[in-house]
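# Structural description and commentary
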Amino acid sequence: MSIPRSVVAGVGSYLPARVVTNDDLAKFVDTSDEWIVERSGIRQRHFAADGELTSDMALKAAEAALVHAQMDAQDIDLIVMAPTTPDNTFPASATTVQAALGIHHGAAFDIQAVCSGFVYAVSIADNFLKAGQFKNALVIGAETFSRLLDFEDRTTCVLFGDGAGAIVLSASEGEGGVADRGVLTAHLHSDGRHKEKLYVDGGPSSTQSVGHVRMIGRDVFRHAVVNIADVINEALEATGLTIADINWFVPHQANKRILDGTAKRIGLPEEKVVMTVGEHGNTSAASVPLALDKAVKDGRIKRGDLVLLEAMGGGFTWGSALIRW
Ligand code: UT7
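Residues numbered from 1 in each chain as written. Predicted model: local features only at pLDDT ≥ 70, side-chain atom pairs only at ≥ 80, totals over all residues. Heavy atoms only, no water.

What follows is about the domain arrangement of the chain. Along its sequence, the chain is carved into domain 1 (3–174) and domain 2 (182–324). Taking only C-alpha atoms, the centre of domain 1 and the centre of domain 2 are 14 Å apart. Counting residues at the interface gives 53 residues for domain 1, matched by 49 residues for domain 2. At the boundary of domain 1 with domain 2, total buried surface from both sides reaches about 3900 Å², with 64% on carbon and sulfur atoms. (Domains from an automatic or database assignment. Contact = heavy atoms within 4.5 Å. Buried area = accessible area lost by both parts, 1.4 Å probe.)

Here it is, written out as structure tokens:
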């Protein structure tokens, strides 16, 4: 039986040049390299330069993904971008990227699922491609999260960083089994009762300002380990695959302790976990495609490998996607 699949044709990423170490932060926040590394695994993060926008970084990641896919921008008819930190309240930053790529056809829009944004965007693009509405999608996670930080709040400002990652998804035909290349299954969840545990205290409708990120880290941590394990099991059950079939686990990079705890809970060996949180910090919706690009370009993820993505973020939102590369 022939069924539509969304196959990854290319991947790309971009990190701003400025590297900020834990010691750099400790010069003006009451913290230490020791505390940050022990509690989160983060050693450094990148911050965008003055005037460098989310769409600028998204464009660079998108261009790199197109080069990797050996495709022309004109082949793209859908852009789904997932910024928590768009350039403007509107229009969607995806339309800025679309224009910068010289694309005047198809559709481009942003979605908001905070740190789960990339997994949500993959699932949305996959459904459009499978429905036959578009042929080639750019799926982008890009963030200037540093601009949402309150640098007087040590419980949040040491955790986040900036960056962008993108993949090209192309409509293709598969046999309908788990040996097919492409997105095999995706599962999305949200539970708005947890809004107060991770949110930004501003916005156009409430304060007419941008606001700063606020988080009850311990509560988020507790929910993350449980929700992530559940949504991974959901992906395995939907496909009949087991954890032993997974070649690479590419999780949202929030905290090394969460990733270690999740891997242990689902029985995945440490060497199959792609971990970038130490170098990038938590880049919200950009973290999964940044990690994907690293593991593809350094030769770990190869064509035919089974790759498991997951993320959890504000809302709460969470989700997983299982992709045969
Ligand atoms: O991407 C979206 C999802 N986000 C997450 O998944 C984040 C989830 N949460 C976490 O990663 C962790 O909860 C944190 C890394 C945020 C915090 O680690 P924790 O082990 O939960 O620490 P805590 O919040 O329980 O704080 C422990 C202590 C507190 O002091 P007291 O009350 O015990 O005296 C904090 O005031 O550490 C203190 N503290 C700090 N100390 C030095 C908090 N932040 C800092 C800091 N430097 N930056």
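So much for the structure itself; the text now carries on.
With that settled, the discussion passes to the environment of Ile-243. Position of Ile-243 among the secondary structure elements: in the loop between helix H7 (217–239) and strand S11 (248–251). For Ile-243 and His-223, which are 20 residues apart along the polypeptide, the C-alpha to C-alpha distance reads 21 Å. The residues touching Ile-243, leaving out its near neighbours within four places in the chain, are Ile-232, Leu-236, Ile-266, Gly-267 and Leu-268. (Helix = DSSP H or I, 4+ residues; strand = E, 2+ residues; numbered from the N terminus.)

Here we come to unusual backbone geometry. Here the bond from Phe-90 into Pro-91 is cis, since omega is 5°, no more than 30 degrees from zero. Here Pro-91 is to be found in the loop between strand S4 (78–81) and helix H4 (93–100). Look at the link from Gly-315 to Phe-316: it is a cis peptide, with omega at -5°. Positionally, Phe-316 belongs in the loop between strand S12 (306–313) and strand S13 (317–324). One non-glycine residue, Gln-70, lies in positive phi territory at about 55°. Of note, Gln-70 is situated in the loop between helix H3 (54–69) and S4.

With that settled, the discussion passes to the environment of Gln-112. Along the chain, Gln-112 turns up in the loop between strand S5 (107–110) and helix H5 (117–130). In this structure Gln-112 comes out as exposed when scored by relative accessible area, which is 52%. The spatial distance from the C-alpha of Gln-112 to the C-alpha of Pro-83 is 6.6 Å, given a sequence separation of 29 residues. Discounting residues that sit within four places of it in the chain, Gln-112 has contacts with Pro-83 and Thr-84. A distance of 2.8 Å separates a polar side-chain atom of Gln-112 from the backbone nitrogen of Val-114. (Buried < 20%, exposed > 50% of the residue type's maximum accessible area, 1.4 Å probe, protein only. Polar contact = N/O pair within 3.5 Å; in protein donor to acceptor, adjacent residues only side chain to side chain.)

Read from one edge of the open sheet, five strands run S1-S7-S6-S4-S5, paired in mixed fashion. On the outer flanks of this sheet lie strand S1 (3–14) and S5, each paired with one strand and no other. Adjacent strand axes in the sheet meet at a mean angle of 20° when their direction is disregarded. Across nine bridges, the pairing between strand S6 (residues 136–144) and strand S7 (residues 162–174) is antiparallel. When the sheet's bridge partners are listed, Asn-136 is paired in S7 with Ser-170. Here H4 sits on the sheet and contacts S4, S5 and S6; the angle it forms with S5, its principal contact strand, is near 140°. Sitting on the sheet, helix H10 (residues 287–297) is in contact with S1, S6 and S7, with an inclination near 90° to S1. (Pairing = 2+ DSSP bridges. Axes fitted to C-alpha atoms, helices over the stretch in contact; angles between N-to-C directions.)

Where H7 contacts helix H8 (residues 256–266), the two axes come as close as 10 Å, and the packing angle between them is 40°. Compared by their axis directions, H7 and H8 come out oblique. Crossing of H7 against H8: the hand is right-handed. Contact residues: Phe-221, Ala-224, Val-225, Val-226, Ile-228, Ala-229 and Ile-232 in H7; Arg-257, Ile-258, Gly-261, Thr-262, Arg-265 and Ile-266 in H8. Counted by class, the contact of H7 with H8 contains nine nonpolar, two polar and two charged residues. (Parallel < 35°, antiparallel > 145°, perpendicular 65-115°, else oblique. Left-handed = near helix turned anticlockwise from the far one by under 90°. Nonpolar A, V, L, I, M, F, W, Y, C, P; charged D, E, K, R; others polar.)

Moving on to the packing of aromatic side chains. For the structure shown, the criterion picks out five aromatic pairs. On the basis of an interplanar angle of 75° and a centroid distance of 5.4 Å, the ring pair of Phe-128 and Phe-134 is categorised as edge-to-face. Overall, the relative accessible area of 25% leaves Phe-128 in the partly exposed class. Using a relative accessible area of 12% as the deciding quantity, one classes Phe-134 as buried. On the numbers, 4.5 Å between centres and 20° between planes, the contact of Phe-145 with Phe-160 is stacked. A residue pair is termed long-range when its members are at least 10 positions apart, and Phe-145 in the loop between S6 and helix H6 (154–157) and Phe-160 in the loop between H6 and S7 qualify at 15 residues. (Phe/Tyr/Trp six-rings, centres within 6.5 Å; stacked < 30°, edge-to-face > 60°.)

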